Amino acid sequence: MRLALSGLPVALSPARFPCCCRADGINYARLNQTFDQTTDKYDAPLLLGNQNRKRFHVMAKPSGSTCNLDCTYCFYLSKETLPGGPGAGRMSDETLERFIQQYIAGVTGTDVVFSWQGGEPTLMGLEFFRKVVALQKKYAKPFQKIENDLQTNATLLDEKWCEFLKEHRFLVGLSIDGPQEIHDKYRVTKGGQPTFAKVFHAAKLLRKYGVPFNTLTCVNRYNARKPLDVYRFLRRELDATYIQFIPIVEYQGFEKTAPHKWNNDALPKDGDPEARPGQPNSIVTDWSVDPDDWGYFLCKVFDEWRAKDFGKVLVNHFETLVSQHMGLGSQICIYGEFCGKGVAVEHDGSVYSCDHYVYPEYRLGNLKDQSLDMQVFSRTQVKFGYAKNETLPQYCRQCSFLTDCWGECPKNRIIRTPAGEPGLNYLCRGFKQYFAHAIPVVDKIVAELKKQPVEPRKRM
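Draft legend 1. Quick look at the sheet that holds strand β6 (residues 171–175). Strand order across the open sheet formed by 10 strands is β9-β8-β7-β6-β5-β4-β3-β10-β11-β12, with mixed pairing between neighbours. Whereas interior strands pair on both sides, the edge strands pair on one side only; in this sheet they are β9 (314–315) and β12 (363–366). Pairing geometry for strand β3 (residues 57–60) and strand β4 (residues 111–116), over 3 bridges, is parallel. Residue methionine 59 lies in a different strand from β4, and its bridge partner there is serine 115. The sheet contacts of helix α8 (residues 291–309) involve β7 (213–219), β8 (242–247) and β9, and relative to β8 the element is tilted by about 165°.

Here it is as structure tokens:
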């Protein structure tokens, strides 16, 4: 279900933006109650689960980290060689059936959304996804709605794929970073060849067959300085109306070092040269977005959206800011007070706390050893979700934008505050710039929307 508020849709379906999860279901904030000495708030979701509808979201990686592209900034390709990681492989039929059965059984809410990612999931072939649909029908509960979304680089999509996606109502997430010159900067084949032409052709095929798709744009050090080039291309050339922007932030050594396992004392402070890309001894890779550029990008796109596309186009960061100021909560996990309700399942059935935490330190278990819902609501995972709030530095807690940001994604908390406290988000400067610029406008939007009746509108 989506709510259309005076022309501005607020997406309530986790499939609306397929590469993101939503944090709903059991309300963690209500669990800060008194338990006995052996039970506390970290146990409560599992103990109270049968008294509430259980909702969680899974990003499935059937092809693991295997991909036909070699995008410079990809954080997932290295999982193939990660010590103690999932390694290379393809999801077996046995693991696929176990996953589908357990996911549908574990979610007791009305919607079960399967998000297929990678690597590149289309490498599994159409036959694999035909099995997916058949197994979903086999295990579906009468009261539940089963939905699928597919995040893809789109280079393998053809007419047969489009026919299948249309027939089975898949929502597609199309990875594209802007016009050709921008897109081909980092998104290349294993041989270093450009990919834009194939992706643009795939977008036309999806339109031809009426397959709904969102665009996913990775904002990096290069395209962050070209916000209107990117946004206007998405709007004018692709006619995109559901747009996601994700900032590229990769700390040095991410290939082997798990988040929060670094040396806090060695982290740069906010304002240090090392807290920006392209500097000697920088904390991040050269292609990571600069914090100031991230703020600049969001501000420029926000102004364009407000002037020309308000009520017609959903942009993930703007939609959720309006939602939050309407009291509806964050629509994407990064801006939620807590996280932990979106896990990743790898090709071998291993379950991880998040797809950005596919490291041995954050492996919850395997589907063959314990049911999926038991792992999602385990004490370990609940503590992981609470940590998003509990590890915030005092600098954040005193910030006027705390409830807009909540420290953003914990994996990006790779610098220290000016006073030296660890746990500050690398993008803090950019977010402050964006919130200061956008919130006065958003509050005016919210004031107008609250005067209008709410009209239910179904998912596209």
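Draft legend 2. Representation of unusual backbone geometry in the model. Cis geometry marks the peptide bond from glycine 118 to glycine 119; its omega dihedral reads 15°. Assignment of secondary structure puts glycine 119 in the loop between β4 and α3 (126–139). One non-glycine residue, arginine 169, lies in positive phi territory at about 60°. Its place among the elements puts arginine 169 in the loop between α4 (159–167) and β6. The exposure class assigned to arginine 169 is partly exposed, which follows from its relative accessible area of 43%.

Draft legend 3. The side chain of serine 282, seen in detail. With respect to the helices and strands, the residue serine 282 is situated in the loop between β8 and α8. Polar side-chain contacts of serine 282 include one of 2.6 Å to the backbone oxygen of arginine 276. Beyond its immediate sequence surroundings of up to four residues, serine 282 is in contact with Gln252, Glu274, Arg276 and Pro277.

Draft legend 4. Spatial organisation of the confidence of the model for the protein chain. Across the protein chain, the average pLDDT comes to 91, with 90% of residues at or above 70. Residue range residues 1–26 is modelled with pLDDT below 50. Its contacts to residues more than four positions away, or to other chains, number 120 contacts.

Draft legend 5. Structural context of the packing of aromatic side chains. Summed over all chains, the structure comprises 39 aromatic pairs. Seen from their ring centres, phenylalanine 99 and tyrosine 103 are 5.7 Å apart, and the 20° between their planes marks the pair as stacked. Placement of both phenylalanine 99 and tyrosine 103 in helix α2 (residues 93–106) is noted, with a separation of 4 residues, approximately one turn of the helix. Neither phenylalanine 99 nor tyrosine 103 differs from the other in exposure class; each is buried. Look at tryptophan 116 and phenylalanine 129: their rings are 5.7 Å apart centre to centre, the planes differ by 85°, and that puts the pair in the edge-to-face class. With a gap of 13 residues between them, tryptophan 116 in strand β4 and phenylalanine 129 in helix α3 connect regions that are remote in the sequence. For the pair tryptophan 116 and phenylalanine 129, a shared accessibility class is recorded, and that class is buried. Through successive ring pairs, a cluster of aromatic residues spans Phe245, Trp294, Phe297, Phe302, Trp305, Phe310, Phe318, Tyr335, Phe401, Phe431, Tyr434 and Phe435.

Draft legend 6. Here's a closer look at the pairing of β3. Burial of the side chains of β3 extends over both faces: His57 and Met59 are buried on one face and Val58 and Ala60 on the other. Of the pairings in the sheet, the one linking β3 to strand β10 (residues 342–345) comprises 4 bridges and is parallel in character. Each residue of the ladder has a partner; that of methionine 59, found in β10, is alanine 344. Read from β3 through α2 to β4, the crossover connection turns out right-handed.

Draft legend 7. Focus on the packing of helix α7 (residues 227–236) against α8. At a closest axis distance of 9 Å, the pairing of α7 and α8 adopts a crossing angle of 40°. In this view, α7 runs oblique relative to α8, as classed from their interaxial angle. Pair α7 / α8 crosses with right-handed handedness. Of α8, the residues touching α7 (which contributes Pro227, Leu228, Val230, Tyr231, Arg232, Arg235 and Arg236) are Tyr296, Phe297, Lys300, Val301, Glu304, Trp305, Lys308 and Asp309. Residues of the contact of α7 with α8, tallied by class, amount to 8 nonpolar, no polar and 7 charged.

Draft legend 8. Molecular detail of α3. Taking 1.5 Å of rise per residue, the 14 residues of α3 would be expected to cover 20 Å, and the 20 Å separating its terminal C-alpha atoms lies within 8% of that figure. Leu126, Phe128, Phe129, Val132, Val133, Leu135 and Gln136 are the residues of α3 that are buried. Residues of α3 that are buried make contact with α2, β4, β5 (145–152) and α4.

Draft legend 9. Fine view of the pairing of β8. For β8, the buried fraction is high: 5 of the 6 residues fall into the buried class. In this sheet, β8 lies alongside β7 in parallel orientation, the contact comprising 5 bridges. Residue threonine 217 lies in a different strand from β8, and its bridge partner there is phenylalanine 245. You can see the chain leave β7, run along α7 and come back into β8, and the turn it takes is right-handed. Across 2 bridges, β8 lies against β9 in parallel orientation. By the bridge assignment for β9, isoleucine 243 is matched with valine 315.

Parameters at a glance
- Each chain carries its own residue numbering, running from 1 in the direction its sequence is written.
- The predicted origin of the model limits local features to residues at a pLDDT of at least 70 and limits the giving and counting of side-chain atom pairs to 80 or more, whereas totals for whole chains, interfaces and linings rest on all residues.
- Side-chain descriptors were evaluated using all non-hydrogen atoms of the structure, hydrogens and water having been removed beforehand.
- Note on pairing: DSSP must find at least two bridges between two strands before they are called paired.
- Elements are defined by DSSP. Helices are runs of H or I of four residues or more, strands are runs of E of two residues or more, and each kind is numbered from the N terminus.
- The contact criterion used throughout is that any non-hydrogen atoms of two residues lie within 4.5 Å.
- Axis lines are fitted through C-alpha atoms, for helices just across the contact stretch, and the angle between N-to-C directions can take any value from 0 to 180 degrees.
- Relative accessibility decides the category of a residue: with a 1.4 Å probe and only protein chains considered, values under 20% of the type maximum give buried, values over 50% give exposed, and everything between is partly exposed.
- Two N or O atoms count as a polar contact when they lie within 3.5 Å, although within protein this holds only if one can serve as hydrogen donor and the other as acceptor, and sequence-adjacent residues are included solely when both atoms are side-chain atoms.
- Every residue carries a pLDDT, the predictor's confidence in it, which falls somewhere between 0 and 100.
- We call Phe, Tyr and Trp rings a pair once their centres come within 6.5 Å, taking the six-membered ring for Trp, and we label the pair stacked below 30 degrees between planes, edge-to-face above 60, and tilted otherwise.
- When the strands point away from the viewer and the connection leading from the first strand across the helix to the second strand turns clockwise, the crossover is called right-handed.
- Note that the term roughly parallel is reserved for angles under 35 degrees, roughly antiparallel for angles over 145, roughly perpendicular for angles of 65 to 115, and oblique for everything else.
- Should the near helix be turned counterclockwise from the far one by less than a right angle, the crossing is left-handed, whereas a clockwise turn marks it as right-handed.
- Gly is placed with the polar residues, together with every amino acid not listed as nonpolar (Ala, Val, Leu, Ile, Met, Phe, Trp, Tyr, Cys and Pro) or charged (Asp, Glu, Lys and Arg).
- Residue count minus one, scaled by 1.5 Å, sets the expected span of a helix.

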